[in-house]
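Analysis of the macromolecular model
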Amino acid sequence: MNKDEASGNWKQFKGKFKEKWGKLTDDDLTVIEGKRDQLVGKIQERYGYAKDEAEREVTDWESHNKDYRW
């Protein structure tokens, strides 16, 4: 996957992230910019989850959105 594909995928899925994790801000999503570990960290921060709980949330989301590639 090249940089343009990754950027396009990220823009496409930003809305899906906001549907699932509404407490994430546009600034959060800009920082995350397609990086899974950043997403897990922001979910921990915004929702007060432990790391393993945030990881489970992201893994669950990934299993339902298999078209998205990190």
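Just so it is clear, the structure is predicted and the values come from calculations on it, not from any experiment.

Reading guide: rules and limits
- Here the residue numbering is sequential within each chain, running from 1 through the sequence in written order.
- Local features in this predicted model are restricted to residues of pLDDT 70 or higher, and side-chain atom pairs are both shown and tallied only at a pLDDT of 80 or more, whereas totals for entire chains, interfaces and linings draw on every residue.
- Side-chain calculation: all heavy atoms of the structure are included, whereas hydrogens and water are not.
- Counting from the N terminus, the helices are the DSSP runs of H or I reaching at least four residues and the strands are the DSSP runs of E reaching at least two.
- Here a polar contact is recorded for every N or O atom pair within 3.5 Å, except that within protein the pair must consist of a potential hydrogen donor and a potential acceptor, and residues adjacent in sequence are included only if both atoms are side-chain atoms.
- Here, two residues are considered to be in contact whenever any of their heavy atoms come within 4.5 Å of each other.
- Salt bridges, as used here, are contacts in which a Lys or Arg side-chain nitrogen is within 4 Å of a carboxyl oxygen on Asp or Glu.
- Think of it in three bands: residues with accessible area under 20% of the maximum for their type are buried, residues over 50% are exposed, and the middle band is partly exposed, with areas taken using a 1.4 Å probe on protein chains only.

**Regarding the side chain of Glu-57**
Mapped onto the secondary structure, Glu-57 falls in helix α4 (residues 51-64). Of note is the side chain of Glu-57, whose polar atom sits 2.9 Å from the side chain of Trp-21. Beyond its immediate sequence surroundings of up to four residues, Glu-57 is in contact with Lys-20, Trp-21 and Tyr-49.

**So, the pattern of salt bridges**
A complete count under the given rule lists nine salt bridges for this structure. Note that Arg-56 and Asp-52 form a salt bridge whose closest N and O atoms lie 3.7 Å from each other. Here Arg-56 pairs with Asp-52, and both are found in helix α4, just four residues apart, close to one helical turn. Take Arg-56: its relative accessible area is 52%, and that puts it in the exposed class. Taking relative accessible area as the criterion, Asp-52 reaches 47% and is therefore assigned partly exposed. Counted as one network, the salt bridges with shared partners bring together Asp-28, Lys-42, Glu-45 and Arg-46.

**Describing the environment of Gly-22**
With respect to the helices, strands and loops of the structure, Gly-22 is situated in the loop between α1 (3-20) and α2 (26-32). Here the alpha-carbon distance between Gly-22 and Arg-46, two residues 24 residues apart in the chain, equals 9.6 Å.

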